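Here are the chains, one letter per residue:
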There are 2 protein chains.
Amino acid sequence: MSIYDSNSYFSCMISVSIIGAGNVATHLYKVFKKSEQVSVVQWYSRDLNKIKSYKNAVAITDQLSELELADIYIIAVSDDAIASVSEQLPFKDRLVVHTSGSVSIYDLDKKNKRGVFYPLQTFSKEAKVDFKKVPICIETIGKKNLPLLQSLAEAIGSKVYKVNPDQRKALHLAAVFVNNFTNQLYRIAHEITESEGVEFDILKPLILETANKVQHLSPYLAQTGPAKRNDKKTIKRHLKQLESEHHKAVYTLLTESIKKTHGR
Amino acid sequence: MSIYDSNSYFSCMISVSIIGAGNVATHLYKVFKKSEQVSVVQWYSRDLNKIKSYKNAVAITDQLSELELADIYIIAVSDDAIASVSEQLPFKDRLVVHTSGSVSIYDLDKKNKRGVFYPLQTFSKEAKVDFKKVPICIETIGKKNLPLLQSLAEAIGSKVYKVNPDQRKALHLAAVFVNNFTNQLYRIAHEITESEGVEFDILKPLILETANKVQHLSPYLAQTGPAKRNDKKTIKRHLKQLESEHHKAVYTLLTESIKKTHGR
Ligand SMILES: NC(=O)c1ccc[n+]([C@@H]2O[C@H](COP(=O)([O-])OP(=O)(O)OC[C@H]3O[C@@H](n4cnc5c(N)ncnc54)[C@H](OP(=O)(O)O)[C@@H]3O)[C@@H](O)[C@H]2O)c1
Ligand SMILES: NC(=O)c1ccc[n+]([C@@H]2O[C@H](COP(=O)([O-])OP(=O)(O)OC[C@H]3O[C@@H](n4cnc5c(N)ncnc54)[C@H](OP(=O)(O)O)[C@@H]3O)[C@@H](O)[C@H]2O)c1
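Given the structure is predicted, the values throughout are model-derived calculations rather than measurements. (Residues numbered from 1 in each chain as written. Chains lettered and ligands numbered in written order. Predicted model: local features only at pLDDT ≥ 70, side-chain atom pairs only at ≥ 80, totals over all residues. Heavy atoms only, no water.)

*Asks:* Would you mind showing me how to read the site of ligand 2 here?
*Replies:* All names here are of chain B. The immediate surroundings of ligand 2 are formed by 21 residues, with Ala21, Val24, Lys50, Asp79 and Phe123 found nearest. The side chain of Asp79 places a nitrogen or oxygen atom 2.6 Å from an oxygen atom of ligand 2. Note that an oxygen atom of ligand 2 is positioned 2.9 Å from one of the side-chain N or O atoms of Thr99. Looking at the shell around ligand 2, the elements with two or more residues in it are α1 (23-34), α2 (82-87) and β6 (113-119). The class makeup of the residues in the shell around ligand 2 is 10 nonpolar, eight polar and three charged. (Near = heavy atom within 4 Å. Polar contact = N/O pair within 3.5 Å; in protein donor to acceptor, adjacent residues only side chain to side chain. Helix = DSSP H or I, 4+ residues; strand = E, 2+ residues; numbered from the N terminus. Nonpolar A, V, L, I, M, F, W, Y, C, P; charged D, E, K, R; others polar.)

*Asks:* What is the right way to read the relation of the copies chain B and chain A from this model?
*Replies:* One copy of the chain maps onto the other through a rotation about an axis followed by a shift along the same axis. Rotating chain B by 180 degrees about the axis while translating it 0.0 Å along that axis superimposes it on chain A, leaving an RMSD of 0.0 Å. Seen this way, the second copy is the image of the first under a two-fold rotation axis. For chain B, the residue whose C-alpha comes nearest the rotation axis is Thr182(B), separated from it by 2.8 Å. In this assembly the copies share their binding face: 99% of the residues contributing to the interface of chain B also contribute to that of chain A. (Least-squares fit on C-alpha atoms with pLDDT ≥ 70 in both. Contact = heavy atoms within 4.5 Å.)

*Asks:* How should the UniProt feature "domain: Pyrroline-5-carboxylate reductase catalytic N-terminal" (unreviewed entry) in chain A be read in this particular structure?
*Replies:* Per the UniProt annotation, the sites labelled "domain: Pyrroline-5-carboxylate reductase catalytic N-terminal" (unreviewed entry) are residues 16-99 of chain A. This span, residues 16-99 of chain A, is 21% helix and 26% strand, and a straight line between its end C-alpha atoms measures 14 Å. (UniProt positions renumbered as here; feature names shortened; annotations may be inferred.)

*Asks:* I tried to follow the site of ligand 1 on my own but got confused; where do I start?
*Replies:* Residues and elements named next belong to chain A. Of all residues adjacent to ligand 1, which total 21 residues, the nearest are Ala21, Val24, Lys50, Asp79 and Phe123. Lys50 is positioned such that a nitrogen or oxygen atom in its side chain is 2.7 Å from an oxygen atom of ligand 1. At 3.2 Å, a backbone N or O of Val77 approaches an oxygen atom of ligand 1. Protein chains bury 75% of the 900 Å² of accessible surface belonging to ligand 1 in isolation. Elements with a contribution of two residues or more to the shell around ligand 1: α1 (23-34), α2 (82-87) and β6 (113-119). Taken together, the residues that form the shell around ligand 1 break down as 10 nonpolar, eight polar and three charged. (Areas by Shrake-Rupley, 256 points an atom, 1.4 Å probe, with all protein chains shown as cover.)

*Asks:* When you look at the domain arrangement of chain A in this model, what are you seeing that I'm missing?
*Replies:* Reports of interface size often rely on the accessible area that becomes lost once the parts have come together. Residue and element names in this part refer to chain A. Once the domains are mapped, chain A shows domain 1 (2-163) and domain 2 (169-261). Here domain 1 and domain 2 have C-alpha centroids that lie 37 Å from each other. Across the boundary between the two partners, domain 1 contributes seven residues, which contact four residues of domain 2. Run the count over domain 1 and domain 2 and you get zero salt bridges. Between domain 1 and domain 2 we count zero residue pairs in polar contact (both at pLDDT 80 or more) in total. Residues that form the side of domain 1 that touches domain 2 fall into these classes: four nonpolar, three polar and no charged. (Domains from an automatic or database assignment. Salt bridge = Lys/Arg side-chain N within 4 Å of Asp/Glu carboxyl O.)

*Asks:* Before we go on, may I ask you to explain the sheet that holds strand β1 (residues 14-19) of chain A in this structure?
*Replies:* Two pairing modes exist for strands in a sheet, parallel and antiparallel, and in both the strands are linked by backbone hydrogen bonds. Residue and element names in this part refer to chain A. The strand order across the open sheet formed by eight strands is β3-β2-β1-β4-β5-β6-β7-β8, and the pairing between neighbours is mixed. On the outer flanks of this sheet lie β3 (59-61) and β8 (160-162), each paired with one strand and no other. Put simply, the sheet's adjacent strands are angled 25 degrees from each other on average, direction ignored. As paired elements, strand β5 (residues 95-98) and β6 share four bridges and run parallel to each other. Paired with Val96 across the strands is Arg114, a residue of β6. (Pairing = 2+ DSSP bridges. Axes fitted to C-alpha atoms, helices over the stretch in contact; angles between N-to-C directions.)

*Asks:* So what exactly am I meant to see when it comes to the UniProt feature "domain: DUF2520" (unreviewed entry) in chain A here?
*Replies:* Mapped onto the present numbering, the UniProt feature "domain: DUF2520" (unreviewed entry) falls at residues 134-258 of chain A. The straight-line gap between the two end C-alpha atoms of residues 134-258 of chain A is 29 Å; of that span, 66% is helix and 6% is strand.

*Asks:* Would you take a moment to explain the interface of chain B and chain A for this structure?
*Replies:* Listed by partner, the interface residues are 83 residues for chain B and 82 residues for chain A. A combined buried area of about 8000 Å² lies between chain B and chain A, and 69% of that area is made up of carbon and sulfur atoms. Among the residues chain B hides against chain A, the three largest losses belong to Phe177(B), Val178(B) and Ile202(B). Together they make up 9% of the total. Here chain B is connected to chain A by zero salt bridges. Elements represented by at least two residues in the side of chain B that touches chain A include exactly α4 (165-195), α5 (204-213), α6 (219-222), α8 (232-241) and α9 (245-261) of chain B. (Buried area = accessible area lost by both parts, 1.4 Å probe.)

*Asks:* For this particular structure, what's the right way to read helix α8 (residues 232-241) of chain A?
*Replies:* A turn of α-helix holds 3.6 residues, and therefore any two residues three or four places apart point the same way. Residues of α8(A) that are buried: Thr234(A), Ile235(A) and His238(A). Buried residues of α8(A), viewed axially, fall in a sector of 100 degrees; they line one side. Opposite the buried face of α8(A), at more than 90 degrees from it, the exposed residues are Lys232(A), Lys233(A), Lys236(A) and Lys240(A). The inward-facing, buried residues of α8(A) contact α7 (226-229) and α9 (245-261) of chain A together with α4 of chain B. (Buried < 20%, exposed > 50% of the residue type's maximum accessible area, 1.4 Å probe, protein only. Arc of directions from axis to C-beta.)

*Asks:* Please clarify how the pattern of salt bridges should be interpreted in this entry.
*Replies:* One side chain can pair with another of opposite charge once the charged atoms of both are near each other. In the structure shown here, the tally under the stated rule is 14 salt bridges over all chains. For the salt bridge of Lys204(A) with Asp201(A), the shortest nitrogen-to-oxygen distance reads 3.0 Å.

*Asks:* Honestly, the packing of helix α4 (residues 165-195) of chain A against α9(A) in this entry has me stumped. Any pointers?
*Replies:* Angle between the axes and distance between the axes: these two values describe a pair of packed helices. Residues and elements named next belong to chain A. Look at α4 against α9: their axes get within 11 Å of each other, and the N-to-C directions meet at 130 degrees. In terms of orientation, α4 lies oblique with respect to α9. Crossing of α4 against α9: the hand is left-handed. Contacts from Leu185, Ile188, Glu191 and Ile192 in α4 reach His247, Val250 and Leu254 in α9. Split by residue class, the contact of α4 with α9 holds five nonpolar, one polar and one charged. (Parallel < 35°, antiparallel > 145°, perpendicular 65-115°, else oblique. Left-handed = near helix turned anticlockwise from the far one by under 90°.)

*Asks:* Teacher, can you tell me more about α4(A) here?
*Replies:* All names here are of chain A. Compared with an ideal rise of 1.5 Å per residue, which puts 31 residues at 45 Å, α4 spans 44 Å between its outermost C-alpha atoms and is within 8% of the ideal. Along α4, the largest kink reaches about 25 degrees and is centred on Val176. Buried residues dominate α4, accounting for 25 of its 31 residues. Its side-chain oxygen at 3.1 Å from the backbone nitrogen of Asp166, Asn164 defines the N-terminal cap of α4. Once α4 ends, the next one or two residues include Gly197, with phi positive near 70 degrees. (Expected span 1.5 Å × (residues − 1). Bend = angle between axes of the 7 residues up to and from the residue.)

*Asks:* Before we go on, may I ask you to explain the packing of α4(A) against α4(B) in this structure?
*Replies:* Interaxial distance between α4(A) and α4(B) falls to 9 Å at its minimum, and their mutual angle equals 175 degrees. In terms of their interaxial angle, α4(A) and α4(B) are classed as roughly antiparallel. Here the residues of the contact of α4(A) with α4(B) are counted per class, giving 24 nonpolar, four polar and no charged.

Shown next, in the form of structure tokens:
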């Protein structure tokens, strides 16, 4: 092996233990396993059945008291359980992070060094995740542990962003708009096409192109359509065409919103 | 040349003339030029300057009266001008189509055979267009001219959908939701992140993934987040966090919309 092997630039692998067995925990486990710069020491789940299929590849446990030494402990459990799980950890002065966009770093028990390792993406167990496309927002108390979290994110190919608590909250809220609310607009479009018996499929390329466009153009510049042009005739016709009061309300409010943005 | 050459399946190239020099006209011109199954007879623009750079590749004109014989005349001008341009055409009984999602087929002058060739995508002059990703919705009066319009769409690699007037209107309206309104949600997200000095860039992978997800999953099944879970604590916190009354109104309405869809 040449001494220029990429591993030789690292003094050691980053050892992590994962706590939780949900979407985020599972995807992190898989990507850490693939990285030559990360070793997974242990994986904890309160229900061993959830992770027993991995038992030949990693040490698994259902006892927090059995957790061994690691550089970083990653608590990837439901938001509501983060505080209580962190309290139950049987050690102190180690680096413990959660993965939530909305839970405060101070919800972690202060007996340990605290951090946040928030992957800004939407995860579901079935879908594959390419961590190169997952920005990771990191937060610590003081600067000391930032480099380690940064190296961990980089080890899985992610872009890293250092954020403060207000910034992380803003990102999490903005994510609700671009993910949950956008998806609901897709749903309304589905209802509209379905009511005339047309395939929702026809809209799929437009959905993709709309998302693609703002990858290199600001949403302000990317805007088009009747609301931006303040094309009153078309807006009136659309409102007449919509059958559901609730679709009308969404149409009206977002049309007003666009007009406001574009000074109409 | 082998007799199995793909062109040999066609008895002739489809000849088209393009009327208009905007976004749609320009992209159609370019893709027709590339197709071996389409020949562009003439390109009309009321302002010759707009198309004079193409004059060595195609016959250009600024006089409707100079339009020569073609299989299909494509009127790709602003919605409001379609009726009057179609009236001014100096011939009859030929196939004339417009490219609009919202203008009625009956707005075309009845001296000619009428049709619609509506590309359901968002076009801007700068951005490249891959017509394989542009569904084309076609409409005619009677069935006779459908096959020709269908062949034209297929000649540029597009998927073709035969629609009726109500279906085209529904698609056009649904497109406002998935394009204009979705883009406005991106804009609001931009405002939220900007107010905390965080880069909008961090949201871009999530924007793409949200659009990707509904390519193979219905928007109903793809939904996640506080509104779907009816997580009152988070919703309340988000509303408190939003500074603009107008952002609050959008948050509230779309949260209600999601709850309604998911029976909360
Ligand atoms: N999903 C996303 O798209 C996403 C994106 C970014 C960040 N996050 C954050 O990542 C964290 C995990 O989310 P997720 O989507 O992976 O959640 P999830 O799929 O619902 O999984 C939650 C996990 O937490 C465990 N758990 C819940 N309460 C527990 C307790 N009291 N003690 C021990 N374990 C407990 C669950 O165990 P059981 O299986 O036994 O119930 C499950 O393994 C959350 O903080 C979330 O905000 C999620
Ligand atoms: N853009 C899209 O994303 C899109 C998508 C699907 C369908 N469409 C439909 O396609 C059609 C064209 O849209 P577009 O986006 O290409 O529009 P555009 O870029 O605004 O171009 C409009 C064209 O129409 C010409 N025009 C306007 N009034 C005219 C008149 N009275 N006589 C002759 N020419 C006239 C304009 O000429 P000047 O340049 O001289 O003003 C210009 O060349 C519309 O029906 C639209 O609804 C558009």
